[in-house]
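These are the residues of each chain, in order.
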Amino acid sequence: MDLTVVAYVVYLLISVALTIWVARTLSRNGRIFIASVLHGDEKLADAVNHLLVVGFYLVNLGFVALYLKAADAVDDARGLFEALSVKLGVVLLVLGVMHLGNVWVLNKIRRRSIMEREQVPPVPPQGWTHQAGQGPWAAPATGPAGA
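As a starting point, this report considers the structure included with it. (Residues numbered from 1 in each chain as written. Predicted model: local features only at pLDDT ≥ 70, side-chain atom pairs only at ≥ 80, totals over all residues. Heavy atoms only, no water.)

Turning our attention to helix 1 (residues 3–37). Its 35 residues give helix 1 an end-to-end C-alpha distance of 48 Å, which sits within 8% of 51 Å, the value for a rise of 1.5 Å per residue. Where helix 1 bends most, the angle comes to about 40°, and this point is glycine 30. Those residues of helix 1 that are buried lie in contact with helix 2 (42–66) and helix 3 (77–119). The first or second residue beyond helix 1 is histidine 39, which carries a positive phi of 60°. (Helix = DSSP H or I, 4+ residues; strand = E, 2+ residues; numbered from the N terminus. Expected span 1.5 Å × (residues − 1). Bend = angle between axes of the 7 residues up to and from the residue. Contact = heavy atoms within 4.5 Å.)

Take a look at the structure:
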C-alpha cells in the first residue's frame, strides 16, 4: 500500500478522534460556564452550548479535510511520521486557538453580565427621604428665628 494513503488514513483517524474528544470535553465543562453567563437559564445554556459544539465540529472538521492533501509523496516510514507530526501539530494548534477564542468571547460576555448586575441596586428604591409636602430638591427647613 502507498505510504501517502496510509498517512491520509492515520491523519484522518487521529484528527477526527481529537476533534470529537475536544468537542465533548468543551461541551461537558463549558455548559456550566455558559449557564453562569446566561444567569442560570439552563434551556438557553444547553441550546447555546449545542450550537457552539456544532460550529466547532464544522470549522475543525472542515479544516482537517482541507488540510488533508500532502505537499510531497510519503516514501518511507520517516516521511510518514514527519508528515503526520506536521499535520497533527497544525490541527492541535487550530483546536487550541478555537478553544481559546471561545473562552475569550464567553468571558467577555460573562464580564459584561456581571457589570450589568452590579449596576442594578439590590433593593429597588422605596421612596424619597424627604419631609411630606416637599420635593426631593427642596431647601432644608429652617427653624424658628433666633433659635
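One finds Tyr11, Phe56, Leu80, Val91 and Leu95 to be the most contacted residues of the largest nonpolar core, which totals 13 residues. Secondary-structure elements contributing two or more residues to this core are helix 1, helix 2 and helix 3. It is helix 3 that contributes the most residues to this core, five residues altogether. For phenylalanine 56, the residues in contact, after removing those within four places along its chain, are Thr19, Val22, Ala23, Leu26, Leu95, Met98 and Asn102. (Core = buried A, V, L, I, M, F, W, Y, C linked by side-chain atoms within 4.5 Å. Buried < 20%, exposed > 50% of the residue type's maximum accessible area, 1.4 Å probe, protein only.)

Here we come to the pattern of salt bridges. Taken as a whole and judged by the stated rule, the model has three salt bridges. Of the charged contacts in the structure, one is a salt bridge between arginine 31 and glutamate 42, with a shortest N-O distance of 2.6 Å. Residue arginine 31 is found in helix 1, and its partner glutamate 42 is found in helix 2; the two are separated by 11 residues along the sequence. A residue is classified by how much of its surface remains accessible, and arginine 31, at 28% relative accessible area, is partly exposed. Between glutamate 82 and arginine 78 there is a salt bridge, and its shortest N-O distance comes to 2.9 Å. Of the two residues, glutamate 82 and arginine 78 both sit in helix 3, four residues apart, roughly one turn of that helix. Connected through salt bridges with shared partners, the residues Arg31, Glu42 and Asp46 form a single ionic network. (Salt bridge = Lys/Arg side-chain N within 4 Å of Asp/Glu carboxyl O.)

Remember, this is a structural readout, not a statement about activity or role.
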